[in-house]
Structure formats: structure tokens, C-alpha cells
Amino acid sequence: MNWRAWSLPVLAVLLLTGLLSGCADARYYAQSVGGHLKLMAAARPIDDWLADTHTPEPLRSRLRLAQSMRRFAVTQLHLPDNASYQRFADLKRRYVVWNVVAAPEFSLELKTWCFPVAGCVGYRGYFDQADAQALATELRAQGLEVSVYGVPAYSTLGWMNWLGGDPLLNTFVNQPDGELASLMFHELAHQVLYVKGDTVFNESYATAVERLGGERWLATQGSAQARQDFANYDRRRQQFRALTRHTRQRLEQIYMKNSPLDLDSKGLVAMKTEVMQDFRAHYAMLKQSWGGYSGYDTWVAQANNAAFGAQAAYDDLVPAFEALFEHEGRDWPRFYEAVKQLAQHPEPEREQQLQALITHTAKTTGQAPADHTFPPL
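These numbers come from a predicted model, not from an experiment.

Procedures and definitions
- Residues numbered from 1 in each chain as written.
- Predicted model: local features only at pLDDT ≥ 70, side-chain atom pairs only at ≥ 80, totals over all residues.
- Heavy atoms only, no water.
- Axes fitted to C-alpha atoms, helices over the stretch in contact; angles between N-to-C directions.
- Helix = DSSP H or I, 4+ residues; strand = E, 2+ residues; numbered from the N terminus.
- Parallel < 35°, antiparallel > 145°, perpendicular 65-115°, else oblique.
- Left-handed = near helix turned anticlockwise from the far one by under 90°.
- Contact = heavy atoms within 4.5 Å.
- Nonpolar A, V, L, I, M, F, W, Y, C, P; charged D, E, K, R; others polar.
- Buried < 20%, exposed > 50% of the residue type's maximum accessible area, 1.4 Å probe, protein only.
- Pairing = 2+ DSSP bridges.

## Observations concerning the packing of helix α7 (residues 199–220) against helix α12 (residues 318–327)
- With their axes 8 Å apart at the nearest point, α7 and α12 run at an angle of 55° to one another. The angle between the axes of α7 and α12 places the two elements in the oblique class. Helix-helix and strand crossings are classified by hand; for α7 and α12 the assignment is right-handed. Seen from α7, the contacting residues are Phe201, Ser204, Tyr205, Thr207, Ala208, Arg211 and Leu212; seen from α12, they are Val318, Phe321, Glu322 and Phe325.
- Per-class residue counts for the contact of α7 with α12 are 7 nonpolar, 2 polar and 2 charged.

Below, the structure written as C-alpha cells:
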């Protein structure tokens, strides 16, 4: 699954400017600073890579394409025109960071960690996979379900533009055209707005920008092959997310209606096991309809409460932000301003207004929100 990373490395900025000192978890902050500084040191201006005779031609092509996408982000999507994505770094690894998420055995509510600026977030990110796995082992010993996953990119929310901004990385620059554009638009959207402590709001908003902006880029700039490739990718993604959303709803119903105090834990485990078996069986059917495409196999094999809880952040409020974009006349500056206005309200009011947008859109168009159901097997 092609995760977008959350924005923890912004802590490096605070440490570098002396705003954090004497922290109880100094080792964790140190790896965040050290990892980000190594990344920045490896980055060189794209023009230097293009001028270097040793740069392979396939990489030159991807860098030129990324430059074009960056200009499109500024001129067409009104995303920030700054130092981000003007440099490139080859990290010699598949992912830039690894995130750890955790949840109780009978809940999809993620464990949170609280930080300055970022607020409380449902993950902990590491530049070293071994460090992430070490934390996962500790959390499992506490009885939590844990998911560790690699992510190709993260945003420093614009805080690092004075040091050269977020660079393009080998971890994502070779993704298919439509996915590369979407990823860049997603991360740049975080630089327009970030709400402290509200992961679902932040990620749903950025995912809406990713989808809407990517759709526009493909329609006006993408090749026929890129449009076809992305259509196939997006069809699978939407079907898979519909399945995971359906599974989350079933798990939430079990966890809300029952608790270890009302029902013996064996009973809860049995109901949960049945849901997970259905999930994997329906996935096998989807995979067959995809001609055997296996891109989600690892996620499905390791799926648990933590994985489902993390994915919800990228799904739950996306339709509301898409409805808001339509409400603002598909005008990007007006849309961003409307999102900023929403962000001024307390979290419950924000969510209430966003849910009202979905309901209003359904009434106006005469179409109910998409509801994918999966029959019992």
C-alpha cells in the first residue's frame, strides 16, 4: 500500500533551533534530527543532477518530469512556490522512514504520542527500520496490535525550506506518472495547512488535494498511457479501500456493542476472527478480478487493528473535502481559504461541518454517498 508519511520530522526543526531541550526521549529526537540532516546532506539541486554526465538517462527523464509537475502545482493548483522538490537525493534504500502504529486488541483507536507543534499523533516514525521494529516489539509486549510500514515521502510542513526544502527522493521518483504527481501534490498540501493534533483532518484534506490535483494533471498533462495506468491503479485502490472500509465498520460495530466486560474475550476473538477471515476471502476474490495483481498482499497478510486504524486517516473525510472543493466552484485559492476557516473551529465542529457537506451534496445531486457492500461468503 502506497502510504503517505505523516510529518514527524518537523521536530528536527525545533531541535535545530533550540526549542527542545532536556526531553525525556532525547534518543528518539536525536534519530529524527540525524536522519533528516543526512537526507538533506545527500540532496543536490536538480539542475546539478541534470548537468552531471554520470546521471543515468532514466533518472534525468524522471527529474525533468518532476520539475514539470512542480510548476503545475504552483501555476494550476496554487500550491506553495518554494524550495521543496527542487533538489534530489538517492538514499540507497526503498523507504525514507518507517512508521509504527499500535491499537488495542478490541479497538481501532490508535495509541498516540504527543509532540510540540505536531500535537498528538497516532504514529511514531523512524529513519532506521531496526529502531521501528524495536519499538514494535515493546508495544506488542504491552498487549497492543502493531503495524510497521515503510513510507516513501514525508512533509516537514515548509519548516525546512530555509535549508533547501523537502527533496525529491529515489524512494518515490520512479513511481508511475499519476502516482508521482499525486504524491507531490499531497505533501505540498500539508505546507498550505496543518492542524495540530488532528491527523484525520490533515490527511483527508491532503488526500483530497492529491486526488483532485492528480486528476487534473493527468487530464491536461499526462500521456494516454499514464492515464490508462493510473485508471487501472485507481480502480484497484478504490475497490481495496472500499473493502477495508467495510471491514473497519464491521470491526467497529463489534467493539462498540461488546466489551471484554460484557462478553468473554473468547467470544470477541471469535467474532473478530470471522470478520478478518471474510476480509481476506473477499480480497482473494478482488485479486482474482485484478488478474492476480499482488500489490496489497503484504498489507493484507499483516492486517490488524493498528493497520485499519491508520488507514482510516486517509479515507474518512476525503469525500467531504471533495464536496467542499465543488462548493467553492473548483477554485483552488477559495478552497484552501475555506479549509483554513474550517480549521479555526474546534475538532468536533470541524467534523460536524464536513459530515454536513457530504449529506448536502448527496441531497443536491440526488446520489447517496458511495456504499460498497460485500456479501457474506
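## Some remarks on the environment of Ala362
- When you line up the elements, Ala362 lands in helix α14 (residues 347–365).
- Residue class for Ala362 comes out buried when judged on its relative accessible area of 15%.

## Digging into the sheet that holds strand β3 (residues 97–103)
- An order of β6-β3-β7 is seen for the 3 strands of this open sheet, with the pairing classed as antiparallel. The sheet terminates laterally at β6 (124–126) and β7 (145–151), the two strands that pair on one side only. Direction aside, neighbouring strands of the sheet carry axes that sit 25° apart on average.
- In this structure, β3 lies alongside β6, joined through 3 bridges in antiparallel fashion. Within β6, the residue paired with Asn99 across the bridge is Gly125.
- This element, helix α11 (residues 305–312), spans β3 and β7 of the sheet and lies at about 50° to β7.

In short, the description is geometric, and any link to function would need to be established separately.
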